[in-house]
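# Examining the three-dimensional arrangement
One letter stands for each residue in the lines below.
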Amino acid sequence: TVDLGGKMVKTLGYGDTVPGPLIRANVGDELEVVLTNKLDHPTSMHWHGIALQNDMDGAEPATPNVPAGQSFTYRFSVPDAGTYWAHPHVGLDLDTGLYLPLIVDDPKARADYDAEWIIMLDDWTDGVGRSPQQIFADLQKNGMGAMGQGGMGQPAMGGESPMGGMGQAGTGGSELLGGDPGDVTYPYYVINGRIPEAPTTFRAKPGQRIRLRIINAGADTAFRVALGGHTLKVTHTDGFPVVPTDVDALLIGMGERYDAIVTAGDGVFPLVALAEGKGAAARALLATG
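Starting from 1, residues in each chain are numbered consecutively following that chain's sequence as written. The predicted origin of the model limits local features to residues at a pLDDT of at least 70 and limits the giving and counting of side-chain atom pairs to 80 or more, whereas totals for whole chains, interfaces and linings rest on all residues. Derived side-chain values reflect all non-hydrogen atoms in the structure, with water molecules and hydrogen atoms excluded from consideration.

## Quick notes on the nonpolar core
Counting residues in each nonpolar core, the largest one holds 33 residues, and the members touching the most others are W117, L121, I210, V225 and L286. Contact between two residues is taken to exist if any of their heavy atoms lie within 4.5 Å; hydrogens are not considered. Not counting residues up to four positions away in its chain, the partners in contact with L121 are V190, I191, I214, I215, N216, A217, G218, F223, V225, I252 and A273. Counting 21 residues, the second largest nonpolar core, distinct from the first, contains L35, M45, M56 and V104. Take the buried residues of types Ala, Val, Leu, Ile, Met, Phe, Trp, Tyr and Cys, join any two whose side-chain atoms come within 4.5 Å, and each joined set is a nonpolar core. The buried label applies to any residue whose accessible area, calculated with a 1.4 Å probe on protein chains only, is under 20% of its type's maximum; exposed applies above 50%, and partly exposed to all values in between.

Written out as structure tokens, the structure is:
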């Protein structure tokens, strides 16, 4: 049971938090992660974006799923610095709280920032109303299962719409997404496991340079992200460096990661992740005052 910010829900998770605990390593380190499956069905842990051998990747058939009641030890080295994450590759488990950030640092790289903020975006339905399984069954019944693919090779799922209906097709339009914002309108969109009415707050000092590590763990939602009163200097996409580019906002698809640098102003500022084309948003706060 987790608290999304005044809304208690039952879900699946790594440990007892959503997102799960941060895993951090240096380039070249070997990770050893033991996954103990206390669920009632097989599961896996896929290391999204990490270059590693197939039998440790956490996706069948190359890596067998972990049966209920059993454990599996993932062992692999991390060759590249960057922002990554982990999630299951089984059924609809992606649309629960089963995800966590994985950060790989390069000790030889110059740190040109003073603080770091890991931001995990998600579209949320589990434990709120209709389950992911129920909603996906409705999508299949309506002939939409084959076309509604979420990121990471998983079926798109969802929950109840804010209007009270079940997960719906035709959620709206989005020019940025070629007209199609996805198949499902979710009841909640969250940042670091918190609904917008009870946002998480990141605290810093005015003038500090903050590295934002933004991860979209959503199953069927692209987010348009902006930090009020600030320009984002995008430095990395999907873990790897790019020519630094100043933007007012960025569009992040399912499974994508962006790193950006901001220089913190003096005050309290909203970090807004608009669920593109779905008429809702997730929210967090940057507070320096």
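## Regarding the environment of R203
Working definition: helices are DSSP H or I runs of at least four residues, strands are E runs of at least two. Numbering for both runs from the N terminus. Mapped onto the elements, R203 comes out in strand β11 (residues 201-203). Spatially, the C-alpha atoms of R203 and L285 are 8.4 Å apart, while their sequence positions differ by 82 residues.

## Some points on the layout of surface pockets
The space that makes up the largest pocket amounts to roughly 420 Å³. No other element matches strand β4 (residues 30-36), which puts four residues into the lining of the largest pocket. Residue composition of the lining of the largest pocket, grouped by class: 11 nonpolar, nine polar and two charged. Here the second largest pocket is characterised by a volume of approximately 360 Å³. Broken down by class, the residue content of the lining of the second largest pocket amounts to nine nonpolar, four polar and six charged. Cavities and pockets are found on a 1 Å grid laid over the protein atoms alone: a cavity is a set of points where a 1.4 Å probe fits but cannot escape, a pocket is an open set with protein on both sides within 12 Å along at least five of seven lines, and a lining residue has an atom within 4 Å of such a point. Grid points are joined across faces, edges and corners, and a volume is the space filled by probe spheres set on the points. Note on residue classes: Ala, Val, Leu, Ile, Met, Phe, Trp, Tyr, Cys and Pro are nonpolar, Asp, Glu, Lys and Arg are charged, and everything else, Gly too, is polar.

## Side note on the pairing of strand β18 (residues 268-275)
The alternating pattern of β18 places F269, L271, A273 and A275 on a buried face, while none of V268, P270, V272 and L274, on the opposite face, is buried. As paired strands, strand β13 (residues 223-227) and β18 are joined by five bridges and run antiparallel to one another. In the sheet register, V225 faces β18, and the bridge partner there is A273. In short, DSSP must find at least two bridges between two strands for them to pair. With eight bridges connecting them, β18 and strand β19 (residues 280-287) associate as antiparallel partners. Counted as the bridge partner of P270 is L285 from β19. What sits between β18 and β19 in their antiparallel hairpin is a turn of four residues, with G277 showing a positive phi close to 80°.

## So, the packing of aromatic side chains
Geometrically, a pair of aromatic rings is defined through the distance of the ring centres and the angle of the planes. Any two of the Phe, Tyr and Trp rings considered here, Trp counted by its six-membered ring, make a pair once their centres fall within 6.5 Å; the pair's planes then place it as stacked at under 30 degrees, edge-to-face at over 60, or tilted in between. Enumeration over the complete set of coordinates arrives at six aromatic pairs. Ring plane angle 75° and centroid distance 5.7 Å describe the contact between W47 and Y74, whose orientation is recorded as edge-to-face. One end of the pair, W47, is in strand β5 (residues 46-48); the other, Y74, is in strand β6 (residues 71-77), with 27 residues separating them in the sequence. Here W47 matches Y74 in class, with each residue buried. Taken together, a centroid distance of 5.0 Å and an interplanar angle of 50° make the contact between W47 and F76 tilted. With a gap of 29 residues between them, W47 in strand β5 and F76 in strand β6 connect regions that are remote in the sequence. One exposure class covers both W47 and F76, and it is buried. Members of the aromatic cluster, joined through ring pairs, are W47, F72, Y74 and F76.

Geometric descriptors of this kind do not, in isolation, establish any biological role.
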